[in-house]
Amino acid sequence: MDHADHVYLIQNGIPAAGGEWADLGSGQGAFTLALADLLGPGAIIHSVDRDAGVLRAQRRAMEARFPAVSVRYQVADFAQPLDLPPLDGLLMANSLHFLRDKAPTLRRLVALLKPGGRLVLVEYNADRGNRWVPYPLSYETWRGLAERCGLEGTRLLATVPSRFLGEIYAALSLRPRPQGRG
Ligand SMILES: C[S@@+](CC[C@H](N)C(=O)[O-])C[C@H]1O[C@@H](n2cnc3c(N)ncnc32)[C@H](O)[C@@H]1O
């Protein structure tokens, strides 16, 4: 996959330019760069990974390609409480599959979203893992998990074929807005 594929996968989940997002398990930034491209200058992206080395590489790529986007790098474990402000969106690309028990973390992450905020997930469309992708979740599994963890409106954004585990999908889910009175 190249930058155009990364943009293609998530673009229908990223509504408007700007806003404050976090990319969790951002690695060398394949999807952080796509997010920066789509959100544009004026956006703030919190780029979180537990590996400081990959974030250094990501920073170099970001500064070369999208210098006007404000990216705040944070070395942290997203399975633990995170120090982040209320967010317009969360992106998790190929990172949730490292957690076996996903629900407790997911519920904590949903609470970081503003009402109406978005969670964009990119994952392999498979439920059986291997040593590199230990606990993947198919789109159908994600739909159920998202609902159990307080998200709504889950929909498939796009898929691309993958020689590794068959297919990659991107999905969008929303944190509900409070119901109006009366
Ligand atoms: C397969 S890479 C994906 C990187 C990028 N999101 C992408 O799609 O190209 C997974 C990344 O998630 C990070 N990661 C895995 N579990 C994590 C955790 N609990 N907290 C923070 N980062 C984590 C790893 O360090 C790695 O950089």
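This text goes with the structure placed above it.
Everything in this summary refers to the structure shown in the same document. Computed from a predicted structure; not experimentally measured. For every chain, the first residue of the written sequence is number 1, and numbering continues from 1 along that sequence. Two thresholds apply to this predicted model, a pLDDT of at least 70 for residue-level local features and 80 or more for giving and counting side-chain atom pairs, whereas whole-chain, interface and lining totals are computed over all residues. Hydrogens and water are ignored here; the side-chain numbers use all heavy atoms of the structure.

**Focus on the overall build of the protein chain**
Rule in force here: Only DSSP runs of H or I reaching four residues or more are called helices, and only runs of E reaching two or more are called strands; each is numbered from the N terminus. To get the radius of gyration, use the C-alpha atoms; to get the globule rule, take the number of residues to the power 0.38 and multiply by 2.2 Å. For each residue, the accessible area found with a 1.4 Å probe, counting protein chains only, is set against the maximum for its type, and the residue is called buried under 20%, exposed over 50%, and partly exposed in between. A contact between two residues is defined here by any heavy atoms of the two lying within 4.5 Å. For accessible areas, the Shrake-Rupley method is used with a probe of radius 1.4 Å. Any residue's cover is judged against the shown protein chains and nothing else.
Counting its secondary structure elements, the protein chain contains five helices and seven strands. Taking 182 residues into account, the globule formula puts the C-alpha radius of gyration at 16 Å, and the protein chain, at 15 Å, falls close to it. On the principal axes, the C-alpha backbone points of the protein chain span a range of 45 × 45 × 30 Å. Within the protein chain, the proportion of its 182 residues that are buried is 51%. When contacts within the protein chain are restricted to residue pairs at least 6 apart in sequence, those whose partners lie at least 24 apart make up 72%. Element-wise, carbon and sulfur atoms account for 48% of the exposed surface of the protein chain, whose accessible area totals about 9,100 Å².

**Digging into the pairing of strand β1 (residues 20-24)**
For the record, the criterion: At least two DSSP bridges between two strands are needed for those strands to be called paired. Seen with its strands pointing away from the viewer, a crossover is right-handed if its path from the first strand over the helix to the second goes clockwise.
Buried residues dominate β1, accounting for five of its five residues. Residues of β1 alternate between two faces, with E20, A22 and L24 on one and W21 and D23 on the opposite face, all of them buried. Sheet topology note: the β1/strand β2 (residues 44-49) ladder contains five bridges and is parallel. Its bridge partner being in β2, L24 is matched across the sheet by V48. With helix α2 (residues 30-39) bridging β1 and the parallel β2, this β-α-β connection has right-handed handedness. Bridge count for β1 against strand β4 (residues 87-93) is three bridges, and the pairing is parallel. When the sheet's bridge partners are listed, A22 is paired in β4 with L90.

**As for the side chain of S138**
Take S138: it is sitting in the loop between β5 (113-124) and α5 (139-148). In contact with S138, not counting residues within four places along its chain, are Y124, N125, A126, D127 and Y169.

**Digging into the sheet that holds strand β6 (residues 152-162)**
Backbone-to-backbone hydrogen bonds join strands into a sheet, with any given pair of strands oriented parallel or antiparallel. Selection rule: Interaxial angle, 0 to 180 degrees, is taken between N-to-C directions of lines fitted to C-alpha atoms, where a helix line uses only the stretch in contact.
The strand order β3-β2-β1-β4-β5-β7-β6 describes an open sheet built from seven strands, whose pairing is mixed. The sheet terminates laterally at β3 (70-75) and β6, the two strands that pair on one side only. Pairs of neighbouring strands in the sheet enclose a mean axial angle of 15°, with direction left out of account. Where helix α4 (residues 103-110) meets the sheet, it contacts β1, β4 and β5, and its direction lies at approximately 140° from that of β5.

**Regarding helix α1 (residues 3-10)**
Basically, it comes down to this: Regarding the arc, it is the one traced by the directions from the helix axis to the C-beta atoms.
All buried positions along α1 are accounted for by H3, H6, V7, L9 and I10. Taken down its axis, α1 places every buried residue within 160° of arc, on the same side.

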